[in-house]
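Chains, contacts and geometry: an overview
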Amino acid sequence: MRNLASEIQSELASPWVEELDPYAAEMMARFLSDLRLEAVRPVEALDGLERAGASASAWLHAGYSLENGHEDQLARRALRRACELDPDLQYAFDELSKVDPAAALAVLDRRPSWYRAQGRVGEARLRAALLVRSGDERGAIAVLRGVLDASELPQGYWDELRELAPDVASTDLVQRSRERTDRGTMLAYVADLLAREDGPSAIRYLADLSLGARVDEAVLVRLAELDPERLGFVLAERTARMPDDAHNWDRLGDWTAEHGRAEAAFQAWWRSFEIDPDMATHADELWLQDPVRALRILARKVEAATDDEVWGDYGDRLWVHGSREDARAAWETARALDPDDDEWSAKLDASSAGRWPL
């Protein structure tokens with residue numbers, strides 16, 4: 001093997017080698033490197049690649065062979081060289097991160113394309129993992145905490161931070177999340193983290209968030225899963241604190257309906273309908289239960305309306321429920337508010353001709 005390598009090396013010094021195209025020269029350099037590695041002459045192999053100006057893939061090939069041969073120091077040299085030549089060669093980075101995480105961090109500093117494609121959270125998680133392997137847990141925690149405001153945080157993020165710094169996960173992280181009550185998914189993840197350590201604390205945390213002026217549905221859903229009874233108290237308290245919020249009454253109606261209290265549910269839904277008929281998610285059920293009451297509520301709402309669509313929709317409701325003359329009066333008002341909208345004239349003409357106008 002040594003003689004063969006020497007013969008090839010001598011042949012490579014011949015003038016004809018200079019006439020080879022780059023690909024052929026690269027293949028010859030790689031082949032000679034393999035021979036030297038098999039002959040247990042790894043330093044000569046790498047020096048030969050350096051002299052030949054080998055590509056990143058050739059250095060990666062040598063580094064991978066050295067890594068499998070437990071030549072870690074030389075493997076690091078080869079893999080570092082591969083990444084220097086082509087930081088976008090992700091497989092070279094993956095191998096380098098196994099033997100030299102500190103050097104892999106330097107590759108990330110060059111921001112290769114595959115790294116940027118992972119997004120802010122993906123970048124942070126990868127960098128944090130390398131920092132941990134490099135012995136810098138404090139730096140890893142700082143990196144992970146730096147992406148708390150990202151729009152989406154996968155579940156694995158919380159697990160990683162919890163393993164690194166449970167005190168941060170259970171105190172500082174929770175406190176910072178309180179400032180972002182518009183991020184329901186994020187808050188629900190915090191609750192999951194707390195629930196694994198202290199279920200009652202997670203419930204208190206979610207209940208406290210649920211009483212805020214703004215609450216994300218994900219928070220309410222998670223509280224319902226952990227303590228459905230507590231959710232009922234929270235929703236009742238929200239309606240007491242914010243009696244003119246249609247959403248709160250709607251949610252309370254849903255909760256009471258789920259717990260078999262149909263009459264109480266309809267009372268809450270009617271209150272939601274009275275506040276804002278357009279926001280009531282159970283409007284169809286309310287119309288079926290008591291159309292006269294629903295019409296009376298709508299009549300109060302449209303009195304001050306200046307939008308022709310509001311009056312037109314009111315007219316539609318009146319027509320369906322048999323108040324034909326009142327419906328025509330509502331469409332007349334709608335046409336007066338917007339004479340250019342042909343819809344109201346068409347409905348008036350159809351109703352006058354005895355045709356169904358809707």
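Structure first, text after, so check above.
If you're wondering where the values come from, they're calculated on a predicted model, not measured in any experiment.

1. Considering the packing of helix 16 (residues 228-241) against helix 17 (residues 246-258)
Here helix 16 crosses helix 17 at 150 degrees, and the two axes come no closer than 9 Å. By the angle between their directions, the pair helix 16 and helix 17 is classed as roughly antiparallel. Helix 16 and helix 17 meet at a crossing whose hand is left-handed. Each of Pro228, Glu229, Leu231, Gly232, Leu235, Ala236, Arg238 and Thr239 in helix 16 lies in contact with helix 17, whose residues at this interface are Asn248, Trp249, Arg251, Leu252 and Trp255.

2. So, the nonpolar core
Grouped burial of nonpolar side chains is what soluble globular proteins tend to show. Membership of the largest hydrophobic core comes to 29 residues, with the highest contact counts inside it found for Leu46, Phe93, Leu96 and Leu108. Broken down by secondary-structure element, the contributors of at least two residues to this core are helix 4 (56-68), helix 5 (72-85), helix 6 (90-99), helix 7 (101-109), helix 8 (113-116), helix 9 (119-133) and helix 10 (137-145). Per element, the largest residue contribution to this core is 6 residues, and it comes from helix 5. If sequence neighbours within four positions are ignored, Leu96 has contacts with Arg76, Leu79, Arg80, Cys83, Pro101, Ala103, Ala104 and Val107. By size, the runner-up hydrophobic cluster in this structure holds 25 residues, among which are Trp269, Phe273, Ile297 and Ala330.

3. Comments concerning helix 5
Three or four residues apart is the spacing at which side chains of an α-helix point the same way, because the helix has 3.6 residues per turn. With 14 residues, helix 5 should reach 20 Å at 1.5 Å per residue; the first-to-last C-alpha distance of 20 Å fits that figure. Leu74, Ala75, Ala78, Leu79, Ala82 and Cys83 are the residues of helix 5 that are buried.

4. Re a negative patch on the surface
A cluster of acidic side chains, namely Asp278, Asp307, Glu309 and Asp313, defines a negative patch on the protein surface. Among the structural elements, Asp307 can be located in the loop between helix 20 (291-302) and helix 21 (308-320). Residue classification places Asp307 among the partly exposed residues on the basis of a relative accessible area of 37%.

5. Notes on the environment of Asp208
Within the secondary structure, Asp208 is located in helix 14 (residues 199-210). Between the C-alpha atoms of Asp208 and Val234, which are 26 residues apart in sequence, the distance is 8.7 Å.

6. Digging into the environment of Val221
For Val221, the location among the structural elements is in helix 15 (residues 217-226). Between the C-alpha atom of Val221 and that of Leu231, which follows or precedes it by 10 residues, the distance is 9.0 Å.

7. Some points on the pattern of salt bridges
Scanning all chains against the criterion turns up 13 salt bridges. The salt bridge partner of Asp316 is Lys347, with a shortest N-O separation of 2.8 Å. On the criterion of sequence distance, the pair formed by Asp316 in helix 21 and Lys347 in helix 23 (residues 342-352) is long-range, its members being 31 residues apart. Judged by its relative accessible area of 17%, Asp316 is buried. Taking the relative accessible area as the measure of exposure, Lys347 reaches 7% and is therefore buried. Overlapping salt bridges bring together Asp244, Arg271, Glu274 and Arg293 as one network.

8. Topic: unusual backbone geometry
Although it is not a glycine, Arg111 adopts a positive phi angle of roughly 50 degrees. Inspection of the secondary structure assignment puts Arg111 in the loop between helix 7 and helix 8. The class of Arg111 is partly exposed, set by a relative accessible area of 35%.

Cut-offs used in this document
- Residues numbered from 1 in each chain as written.
- Predicted model: local features only at pLDDT ≥ 70, side-chain atom pairs only at ≥ 80, totals over all residues.
- Heavy atoms only, no water.
- Axes fitted to C-alpha atoms, helices over the stretch in contact; angles between N-to-C directions.
- Helix = DSSP H or I, 4+ residues; strand = E, 2+ residues; numbered from the N terminus.
- Parallel < 35°, antiparallel > 145°, perpendicular 65-115°, else oblique.
- Left-handed = near helix turned anticlockwise from the far one by under 90°.
- Contact = heavy atoms within 4.5 Å.
- Core = buried A, V, L, I, M, F, W, Y, C linked by side-chain atoms within 4.5 Å.
- Buried < 20%, exposed > 50% of the residue type's maximum accessible area, 1.4 Å probe, protein only.
- Expected span 1.5 Å × (residues − 1).
- Patch = residues over 30% accessible without salt bridge, like charges linked within 9 Å, V, L, I, M, F, W, Y side chains within 5 Å.
- Areas by Shrake-Rupley, 256 points an atom, 1.4 Å probe, with all protein chains shown as cover.
- Salt bridge = Lys/Arg side-chain N within 4 Å of Asp/Glu carboxyl O.
- Lys, Arg positive; Asp, Glu negative; His and termini not counted.
- Charge placed at Lys NZ, Arg CZ, Asp CG, Glu CD.

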